[in-house]
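Single-letter residue listing:
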Amino acid sequence: MSTATASPCSTQAIEERIAPLRARLTGHPLYSSIRTQAQLRSFMESHVFAVWDFMSLLKALQAALTCVAVPWVPTPLPDSRRFINEIVLGEESDQFEGRAISHFELYLEAMQQAGADTAAVDTLLRQIRSGAAFVPETIAAPPPAQAFLRNTFATIAAGKPHAMAAAFTFGREDVIPDMFRQLVRDLNQQTDGSLAKFVWYLERHIEVDGEDHGPLSLRMVADLCGEGSCADEAKWLEAAAAAEQAIAARIALWDGILAGLPAV
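Here's what I pulled together on the structure shown here.

Rules used throughout
- Residues numbered from 1 in each chain as written.
- Predicted model: local features only at pLDDT ≥ 70, side-chain atom pairs only at ≥ 80, totals over all residues.
- Heavy atoms only, no water.
- Helix = DSSP H or I, 4+ residues; strand = E, 2+ residues; numbered from the N terminus.
- Buried < 20%, exposed > 50% of the residue type's maximum accessible area, 1.4 Å probe, protein only.
- Arc of directions from axis to C-beta.
- Contact = heavy atoms within 4.5 Å.
- 1 Å grid on protein atoms, 1.4 Å probe; cavity = no way out; pocket = protein on both sides within 12 Å on 5 of 7 lines; lining within 4 Å.
- Points joined across faces, edges and corners; volume = space filled by probe spheres on them.
- Nonpolar A, V, L, I, M, F, W, Y, C, P; charged D, E, K, R; others polar.

1. Regarding unusual backbone geometry
- In this model, Val70 is joined to Pro71 through a cis peptide bond whose omega is 0 degrees.
- If you check the backbone angles, Leu77 has positive phi at about 60 degrees while not being a glycine.
- Note that Leu77 resides in the loop between helix H3 (37-65) and helix H4 (78-92).
- Of note, Asp192 is a non-glycine position whose phi angle comes to about 55 degrees, a positive value.
- Relative accessible area serves as the criterion here: at 76%, Asp192 is assigned to the exposed category.

2. Brief notes about helix H6 (residues 119-129)
- Among all positions in H6, only Val121, Leu124 and Leu125 are buried. Viewed end-on, H6 has its buried residues packed into an arc of 95 degrees, placing them on one side of the element.
- Next to the buried residues of H6 lie H3 and helix H5 (103-114).
- Where H6 terminates, the next one or two residues include Gly131, which has phi positive at roughly 95 degrees.

3. Considering empty space enclosed by the protein
- Tallying each qualifying case throughout the model produces one cavity of 30 Å³ or more.
- In this model, the largest cavity occupies a volume close to 70 Å³.
- Leu57, Phe148, Asn151, Thr152, Thr155, Ala167, Gly171, Arg172, Ala242, Ala246 and Ala249 together form the lining of the largest cavity.
- Listed by contribution, the elements that provide at least two residues to the lining of the largest cavity are helix H7 (143-158), helix H8 (161-171) and helix H11 (233-259).
- In terms of residue count, the dominant contributor to the lining of the largest cavity is H7 (four residues).
- Tallied by class, the residues present in the lining of the largest cavity amount to six nonpolar, four polar and one charged.

Read these as spatial facts, not as claims about activity.
Here is the structure:
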């Protein structure tokens, strides 16, 4: 008996195509190689750039799916419109200890609490605020982070919402396994709470990503690529390629961070 395969114009087909890459990512040796607070600081000093560029990918999707111009007009795809606005609300202005804060800003605070160096990302923010052109190759980020930024911003620059949605959905959600979060919890206890904000950051993402966001992000990809008689096979193929590229870029980032970890 033959096994039925998913339609090429479906999120299931993308999930089947990227499954080997996802397995490599979730089983990456980086997670089990971080054993000390110094190694975790090294991880954060590169990972923070992925936390930062996520917001640009998110904002590009918000611009594509909602109307941010004046005069305002309603856009199509209301379910995806609502979803992306909900994500922006949580990522850009979540509630933490009675105050509004973006997850990126909280990550910076977590780095400071842990004793990690924020100089490179602080410099990047100052340059952007001053109006300087953003060129990933010239920023003072670790080389693995530079390569990761190049991939993200190439996807944004291509201006294809379906590809951005696929990179967002398949390349950014649920990439930190349980064992790594437990390691951080253990280190936090050993260091008298010096990783408390980082623990909160990791746990918060599991909380918000594990409920409605997974199915809704898949719905967004389907909305943008079309379904049934409205399916655009070229868009589905581009979405699958973008998903693969996003995961491959994450694996390369992890490879680079692993290679640069300080010795125990």
